[in-house]
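# Observations on chain architecture
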Amino acid sequence: MKESVEAIRQEVNAVTIKSAGELEAFRLRFLVRKGCVASLFDKLREIDPAERPEYGKLLNDLRKAAERKYEEARKELEASSSRKTRHGIDLTLPGRRRFLGSEHPVQQVLGDMKRIFSAMGFTIATGPELESGSNNFDMLNFPPDHPARDMQDTFFIRRRDGEDDILLRTHTSPVQIRVMLEEKPPIRVICPGKVYRNEAISARSYCVFHQLEGLYIDRKVSFADLKATIFSFTKQMFGSDVQLRFRPSFFPFTEPSAEVDVSCYLCGGKGCRVCKQSGWLEIMGCGMVHPNVMRNCGIDPDDYSGFAFGMGVDRTTLLRYRIDDIRLLFENDIRMLEQFSQ
Ligand code: PHE
């Protein structure tokens, strides 16, 4: 008998009551008429009357302890539930943070590029992604048989004999045509935006990507102005210690033309996997605006000259954030995007 009382006393002490369910379980086990404490009282009849007062006292103490524990737990639970409002919301709990959205990594890089060129006096021009074949190719001095006009490279939306093509622009240069047709020099614009090319999709190339092109037309604009502008931009964008390299190149709309490399800012030019051990990263094409393009837009190339440049934004984004697949930039997977909240 003594052992039973002691065992139940220990059990009562050990129980923790954290919820209404546990409180009820406690009541059913220890406090009700058929509970284990009451059944010990029933056994009182069976023991020696001389020992009854002692056991009676032990049992009474046990019952009081159980009742006290029950009351305390009940009050505690009631107090904590009164912290909740009528709707069951506990206003004292710390708030849950929600992902409010963030600027896409491509837009963050584009934003930096725009800020640098804006500070140099360039304004932003935009145009439609659905372009005419004439703005995308003819006005830019592409010969009629240029391979870029091939279905393999360009997404044509409509091609009819005797009519202008409708296509998804393959670069943002047609925006520069639109600006030249509308405005008189001096012209100083950058054209950021999405462009489309019918390429094999892989971790490194996608059918849509972002470009930022620039155009500067005024009297006596020289290749030295182009170099100085690119020089200033790259130092601000990639770091003051990057080296630049201009390689002769060809574009139908610029003459002379060049491709620009920066010393690899990941390995400092020593050679790594990203720059394919060359120490250089190709970042843009550029050149002096072709006289034919100026003429096409009603600007006299004997009076004016200008330079243009164009670069991809996505590759720089991949390098900056160490993202290894360009497709991630276009899938809009929230698990990827929320890593870029600032
Ligand atoms: N339009 C070219 C391209 O998409 C880039 C470029 C722009 C090159 C301006 C030279 C001058 O590849």
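Residues numbered from 1 in each chain as written. Predicted model: local features only at pLDDT ≥ 70, side-chain atom pairs only at ≥ 80, totals over all residues. Heavy atoms only, no water.

### Observations concerning the domain arrangement of the chain
Examined at the domain level, the chain breaks down into domain 1 (2–87) and domain 2 (105–340). Taking only C-alpha atoms into account, the centre of domain 1 sits 80 Å from that of domain 2. (Domains from an automatic or database assignment.)

### Details of the packing of aromatic side chains
Enumeration according to the criterion identifies 16 aromatic pairs in this entry. The interplanar angle of 65° and the centroid separation of 6.2 Å between the aromatic rings of Phe223 and Phe246 together place this pair among those described as edge-to-face. Of the two residues, Phe223 is situated in helix 8 (residues 223–238) and Phe246 in strand 7 (residues 244–251); the sequence distance between them amounts to 23 residues. Taking the centre distance of 6.4 Å and the plane angle of 85° together, the rings of Phe233 and Phe238 count as edge-to-face. You can call Phe233 buried: its relative accessible area is 0%. Since its relative accessible area comes to 12%, Phe238 is described here as buried. Put simply, the rings of Phe117, Phe122, Tyr216, Phe233, Phe238, Tyr265, Phe307 and Phe309 touch in pairs and so form one group of aromatic residues. (Phe/Tyr/Trp six-rings, centres within 6.5 Å; stacked < 30°, edge-to-face > 60°. Helix = DSSP H or I, 4+ residues; strand = E, 2+ residues; numbered from the N terminus. Buried < 20%, exposed > 50% of the residue type's maximum accessible area, 1.4 Å probe, protein only.)

### Some thoughts on the site of the ligand
Within the structure, the ligand sits among 13 residues, and His171, Ser173, Arg197, Gln211 and Glu213 are positioned closest to it. With respect to the ligand, the side chain of Ser173 contributes an N or O atom lying 3.0 Å from a nitrogen atom. Glu213 has a polar side-chain atom sitting 2.8 Å from a nitrogen atom of the ligand. Within the complex, the protein chains bury 90% of what would otherwise be the 320 Å² of accessible surface of the ligand. Listed by contribution, the elements that provide at least two residues to the shell around the ligand are strand 6 (208–218), strand 9 (280–289) and strand 10 (305–312). (Near = heavy atom within 4 Å. Polar contact = N/O pair within 3.5 Å; in protein donor to acceptor, adjacent residues only side chain to side chain. Areas by Shrake-Rupley, 256 points an atom, 1.4 Å probe, with all protein chains shown as cover.)

### Thoughts on the pairing of strand 10
Most of strand 10 sits inside the fold, with seven of its eight residues counted as buried. Looking at chain direction, strand 6 and strand 10 are connected through eight bridges and run antiparallel. Note on strand 10: the bridge partner recorded for Ile217 is Gly306. Sheet analysis places strand 9 next to strand 10, joined by five bridges and oriented antiparallel. Looking at the pairing, Met288 lines up with Phe307 of strand 10. (Pairing = 2+ DSSP bridges.)

### Thoughts on the environment of Glu54
Here Glu54 lies in helix 4 (residues 52–82). The sequence separation of Glu54 and Phe246 amounts to 192 residues, and the corresponding C-alpha distance is 104 Å.

### Regarding the packing of helix 1 (residues 2–14) against helix 4
One can describe the packing of helix 1 onto helix 4 by two numbers: an axis separation of 10 Å at closest approach and a directional angle of 15°. Taken together, the axes of helix 1 and helix 4 lie roughly parallel to each other. Classified by chirality, the crossing of helix 4 by helix 1 is left-handed. Here Lys2, Val5, Ile8, Arg9, Val12 and Asn13 of helix 1 lie close against helix 4, whose contacting residues are Glu54, Tyr55, Leu58, Leu59, Leu62, Ala66 and Lys69. Classifying every residue of the contact of helix 1 with helix 4 gives eight nonpolar, one polar and four charged. (Axes fitted to C-alpha atoms, helices over the stretch in contact; angles between N-to-C directions. Parallel < 35°, antiparallel > 145°, perpendicular 65-115°, else oblique. Left-handed = near helix turned anticlockwise from the far one by under 90°. Contact = heavy atoms within 4.5 Å. Nonpolar A, V, L, I, M, F, W, Y, C, P; charged D, E, K, R; others polar.)

### Quick word on the pairing of strand 5 (residues 187–196)
Among the ten residues of strand 5, eight are classified as buried, and the element is accordingly described as predominantly covered. The pairing of strand 1 (residues 123–124) with strand 5 spans two bridges and is parallel. Note on strand 5: the bridge partner recorded for Ile124 is Ile190. Bridging between strand 5 and strand 6 involves ten bridges; their strand directions are antiparallel. In the sheet register, Val189 faces strand 6, and the bridge partner there is Leu215.

### Points about the sheet that holds strand 2 (residues 130–132)
Taken in spatial order, the three strands of this open sheet run 2-4-3, and their pairing is antiparallel. Each edge of the sheet is formed by a strand with only one pairing partner; in this case those strands are strand 2 and strand 3 (156–158). Ignoring strand direction, the axes of neighbouring strands in this sheet form an average angle of 35°. Here three bridges tie strand 2 to strand 4 (residues 166–168), and the two strands are oriented antiparallel to one another. Within strand 4, the position partnered with Glu131 by the bridge is Leu167.

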